[in-house]
Amino acid sequence: MSKVFLHATHPFKSVVQARSIVRQLESKFGGIRDYQFVRCPITHVYNGQANVEFKDPSAAEAAAASGTHKIDNIEYNLIQREGSRPALETSEPAVEPQV
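Calculation rules
Residues numbered from 1 in each chain as written. Predicted model: local features only at pLDDT ≥ 70, side-chain atom pairs only at ≥ 80, totals over all residues. Heavy atoms only, no water. Pairing = 2+ DSSP bridges. Helix = DSSP H or I, 4+ residues; strand = E, 2+ residues; numbered from the N terminus. Buried < 20%, exposed > 50% of the residue type's maximum accessible area, 1.4 Å probe, protein only. Arc of directions from axis to C-beta. Contact = heavy atoms within 4.5 Å. Expected span 1.5 Å × (residues − 1). Polar contact = N/O pair within 3.5 Å; in protein donor to acceptor, adjacent residues only side chain to side chain.

### Some details on the pairing of strand 2 (residues 32-39)
Pairing between strand 2 and strand 3 (residues 46-54): six bridges, direction antiparallel. Paired with Asp34 across the two strands is Glu53, which belongs to strand 3. Where strand 2 hands over to strand 3, the hairpin turn is made up of six residues, of which His44 adopts a positive phi near 65°.

Structure, rendered in structure tokens:
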């Protein structure tokens, strides 16, 4: 899959800062097909999360494996996406409630 989920430590200040992150990712890992920054539905402020789709699936894998990045004093991580939603990982099996 060529998609990654971007999670930042702080919200993005502006569309300029958000696009700066996209340009940084593109220069490090290769072409980006599509991206979408998540905003608060009420205030429309960027909340520091984004979905990024690379043209090459190996670029998405490299980006996700690359660890923490920093731009404009904001640290962010990239997480490999499986399909349209991130996979939930759990170390314990689900337990049915006792009635």
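### A word on helix 2 (residues 57-65)
Along helix 2, the residues classified as buried are Ala59, Ala60 and Ala63. Burial along helix 2 is one-sided: seen end-on, the buried residues are contained in an arc of 100°. Of the surrounding secondary structure, the elements contacted by the buried residues of helix 2 are strand 1 (3-8), helix 1 (15-29), strand 3, strand 4 (69-71) and strand 5 (74-80). Just downstream of helix 2 lies Gly67, where phi reads positive at about 85°.

### Some points on helix 1
For helix 1, spanning 15 residues, the distance from its first C-alpha to its last is 21 Å, which sits close to the expected 21 Å at 1.5 Å a residue. By the burial criterion, the buried members of helix 1 are Gln17, Ala18, Ser20, Ile21, Val22, Gln24, Leu25 and Phe29. Buried residues along helix 1 sit in contact with strand 1, strand 2, strand 3, helix 2, strand 4 and strand 5. Two to three positions downstream of the cap, the backbone nitrogen of Val16 sits 3.3 Å from a side-chain oxygen, assigning the N-cap of helix 1 to Ser14. At the exit of helix 1 stands Gly30, carrying a positive phi of roughly 120°.

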